[in-house]
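Coordinates in review
So the chains spell out like this:
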Amino acid sequence: MLLEARDIAKSFGPVHALRGASLSLRAGSVHAVLGENGAGKSTLMKIISGVFRPTSGSLSLFGAPVDWHSAEEARAAGVSTIFQEFILLPNLSVAENLFLGREPRNALGLVDRGRMAGEARRILSTVGLDIDPDRVTSSLRVAEQQMVEIAKGVMRDARIFVFDEPTAALGDREAQKLFSLIRKLQADGKGVLYISHRLPELFELCDEVTVLKDGQFAGHYRMADTNADELVTAMVGRSLDQLYPPRRAAGMGGAPALQLTGVAAKGLAGPVNLTVGRNEIVGLAGLEGQGQIEITRAIYEGHALSAGEILIDGAPLGAGGPAGGIAAGIGLIPEDRKADGLYLSLSVARNITAGLLPGRGLWRRAPTAKGAVTEQVRRLAIRLRHVGQAIRELSGGNQQKVLLARWLVRGVRLLICEEPTRGVDIGAKSEIYALLRELADAGIPVLVTSRELPELIGLCDRIVVIREGATVAEFAGADASEEAIMAAAIKGGRS
Ligand SMILES: Nc1ncnc2c1ncn2[C@@H]1O[C@H](COP(=O)(O)OP(=O)(O)OP(=O)(O)O)[C@@H](O)[C@H]1O
Ligand SMILES: [Mg+2]
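Computed from a predicted model, the values in this text were never measured in an experiment.

**Comments concerning the site of ligand 1**
Of all residues adjacent to ligand 1, which total 16 residues, the nearest are Asn37, Gly38, Lys41, Thr43 and Glu393. Measuring from an oxygen atom of ligand 1, one finds a side-chain N or O atom of Asn37 at 2.8 Å. For ligand 1, an oxygen atom lies 3.2 Å from a polar atom in the backbone of Ala39. Relative to its unbound accessible surface of 640 Å², ligand 1 loses 77% to contact with the protein. Counting only elements with at least two residues in the shell around ligand 1, the list comes to strand E2 (15–25) and helix H1 (41–48). At three residues, H1 tops the list of elements feeding residues into the shell around ligand 1. Counting contributing residues, the shell around ligand 1 receives three or more from each of domain 1 (3–241) and domain 2 (256–491).

**Examining the sheet that holds E2**
Pairing within the open sheet is antiparallel, and its four strands lie in the order E2-E1-E4-E5. In this open sheet, the two strands that pair with only one neighbour each are E2 and strand E5 (64–66). Sheet twist, expressed as the mean angle between neighbouring strand axes with direction ignored, is 30°. Across five bridges, the pairing between strand E1 (residues 3–12) and strand E4 (residues 56–61) is antiparallel. Bridge pairing links Ala9 to Ser56 in E4.

**Quick word on the packing of helix H14 (residues 396–410) against helix H15 (residues 426–441)**
Contact geometry for H14 and H15: axes closest at 11 Å, N-to-C directions at 15°. Viewed along their axes, H14 and H15 adopt a mutual orientation that is roughly parallel. Crossing of H14 over H15 shows left-handed handedness. Taking contact as the criterion, the partners of Gln400, Lys401, Leu404 and Leu408 in H14 are, on H15, Ala428, Glu431, Ile432, Leu435, Leu436 and Leu439. Taken together, the residues of the contact of H14 with H15 break down into seven nonpolar, one polar and two charged.

**Some points on the nonpolar core**
Ranked by size, the top nonpolar core spans 72 residues in total, and within it Leu258, Leu260, Ile299, Leu415, Leu436, Leu447 and Ile485 carry the most contacts. For Ile299, the residues in contact, after removing those within four places along its chain, are Leu258, Leu260, Ile310, Leu317, Gly325, Ile330, Ile416 and Leu447. Ranked by size, the runner-up nonpolar core spans 49 residues in total, among them Phe99, Phe161, Leu199 and Tyr221.

**Section: the pattern of salt bridges**
This structure, assessed with the given rule, holds 36 salt bridges. Here Arg198 makes a salt bridge to Glu452, at a shortest N to O gap of 3.4 Å. Here Glu452 lies in the loop between strand E18 (446–449) and helix H16 (453–459) and Arg198 lies in the loop between strand E8 (191–195) and helix H7 (199–205), a separation of 254 residues in the sequence. Two residues, Lys429 and Glu452, come together in a salt bridge whose shortest N-O distance is 3.9 Å. Here Lys429, found in helix H15, pairs with Glu452, found in the loop between E18 and H16; they are 23 residues apart in sequence, far enough to count as distant. Each member of the salt-bridge network shares a partner with another, and the members are Glu288, Glu335, Glu419, Arg422 and Arg451.

**Some details on the domain arrangement of the protein**
The domain boundaries assigned to the protein delineate domain 1 (3–241) and domain 2 (256–491). Contacts between domain 1 and domain 2 engage 20 residues on the former and 17 residues on the latter. In this assembly, domain 1 packs against domain 2 so that about 1300 Å² is buried in total across both faces, 53% of it on carbon and sulfur atoms. Applying the counting criterion to the domain 1 and domain 2 interface returns one salt bridge. At the boundary of domain 1 and domain 2, one finds four residue pairs in polar contact (both at pLDDT 80 or more). Ranked by residues supplied to the side of domain 1 that touches domain 2, first place goes to helix H8 (residues 228–236) with three residues.

The rules behind the values
- Position numbers for residues start from 1 in each chain and track the written sequence from start to end.
- Chains carry letters from A onward and ligands carry numbers from 1 onward, assigned in written order.
- Only residues with pLDDT of 70 or above have their local features reported here, since the model is predicted, and side-chain atom pairs are shown and tallied only from 80 upward, although totals for entire chains, interfaces and linings are computed over all residues.
- Only hydrogens and water are set aside when side-chain values are computed; all heavy atoms of the structure are taken into account.
- If even one non-hydrogen atom of a residue comes within 4 Å of a molecule or strand, that residue is called near it.
- Polar contacts, as counted here, are pairs of nitrogen or oxygen atoms within 3.5 Å of one another; within protein the pair requires one atom able to donate a hydrogen and one able to accept it, and residues that are adjacent in sequence qualify only if both atoms are side-chain atoms.
- Accessibility throughout is a Shrake-Rupley quantity obtained with a 1.4 Å probe, and a residue counts as covered only by protein chains that appear here.
- Labels follow the DSSP assignment, with helices taken as runs of H or I lasting at least four residues and strands as runs of E lasting at least two, numbered in each case from the N terminus.
- Where a domain begins and ends is set by an automatic assignment or by a domain database.
- If DSSP finds at least two bridges between two strands, the strands pair.
- Axis lines are fitted to C-alpha atoms, over the contacting stretch for helices. Their N-to-C directions set the angle, which ranges from 0 to 180 degrees.
- Our angle categories are set so that under 35 degrees counts as roughly parallel, over 145 as roughly antiparallel, 65 to 115 as roughly perpendicular, and the remainder as oblique.
- In this scheme the crossing of two helices becomes right-handed for a clockwise turn of the near helix relative to the far one and left-handed for an anticlockwise turn of less than a right angle.
- In what follows, a contact means two residues having at least one pair of non-hydrogen atoms within 4.5 Å.
- Throughout, the ten residues Ala, Val, Leu, Ile, Met, Phe, Trp, Tyr, Cys and Pro are labelled nonpolar, Asp, Glu, Lys and Arg are labelled charged, and all others, Gly among them, are labelled polar.
- Grouping buried Ala, Val, Leu, Ile, Met, Phe, Trp, Tyr and Cys residues that are joined through side-chain atoms within 4.5 Å yields what is termed a nonpolar core.
- Whether a residue is buried, partly exposed or exposed follows from its accessible area with a 1.4 Å probe, protein chains only, as a fraction of its type maximum: under 20%, in between, or over 50%, in that order.
- A pairing counts as a salt bridge when a side-chain nitrogen of Lys or Arg comes within 4 Å of a carboxyl oxygen of Asp or Glu.
- In short, buried area is how much 1.4 Å probe accessible area vanishes from two parts on joining, totalled over both.

As structure tokens, then:
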């Protein structure tokens, strides 16, 4: 066995992140690690990559016990980890990052920049990355930084590659590129550990899966011998017969709450024509970067439009800073919740009340806000120890629910959700879907963007396809198929 983790426990003070997690990784295997938000997947990966030491349990590499005291020790032993938060140094060049601490030197002991650049170029090409090694790392796209991380592992001759939700921030094409690279690692006899909440990609890529539940081993399966139902039951503890709530009947969407007519958002040609009814969930579909985000931000931020008009409940949305949309009662759950939405160093309670007016935000002095926080925590089934806990410590799905709670305590009239379930486990997904439906039923319509077509098809009453900044097709959710949406997204024609 390449790597074996046996009965691993890890506590953070009173929190038992792991209690009895086990996993065996074979050489030449792409091994999925699956579990709900907070199940302990990332913690186990951090133990395997030397970031944390286990409280108890054993780890062995090629049958010999190991006890790493740092990530550097694990790296030296052949474990290369591609974390969600990259550890590349943003201000260094790509080549400098690749060779950090082991720069080639010339006879005088100086860094041999020429050789470094040449070798960097060769290594980058082995992972299919055609970029200038002198480029500053921060100028790279997420997918490219990921490739550099992998290149670094390849260069150090790593035997084990650990990926923690690598596709969360990637588009489809980039994800496919990553998969082919992972298959290459597999063909070279490396062992790959792969965490993702996207079941379809696990079936596409992995040959084995270990399921964790509440920090414990909850099953091991060969991908070929299992199916989504069985895995969901193992990770959630119950079968999930209904991922999506029932849809509204066609024509029952209610009066228009949001109308875009002939809109051209910043830098886009348009036109966008779009209506969201009072009780509807409407999805924006399209290939990567066709203007979906520019459109949601135009609505939320009240950007000056180069053409057209946005009406909220029949009244035109004024221009002028983020207050435009917020003042009109629009809430936004941003695509990048860590960068745009959450105050990571603050408590859950402060994150929920962050949008309330000053004075009321200090809930210690405002019992009503405290009541509102508790109510939302219960309503959304947010899993936490207490509302004073730092939001950073919550798992991804629960962080997402906190953002929803923030808008609910403010009382929004319309909610925009960009990628509402990115990084969210399947149990929490179904809870979020049910909640969005509940909001729409209560007269808070939802406009949602998602890269995952099955999610749009399952959730939305209508799906509008965007191509090159313009609306090009529209489907009733009940009639939509992935093929038809893709055809419209690529060719732009109406179905
Ligand atoms: N540094 C920490 N301090 C305190 N608690 C922590 C810390 N890191 C993780 N935890 C807790 O340990 C548990 C497991 O977290 P972990 O991040 O491993 O889950 P996960 O399976 O990766 O979830 P997700 O799918 O949301 O990424 C959670 O309850 C989390 O709140
Ligand atoms: Mg995690």
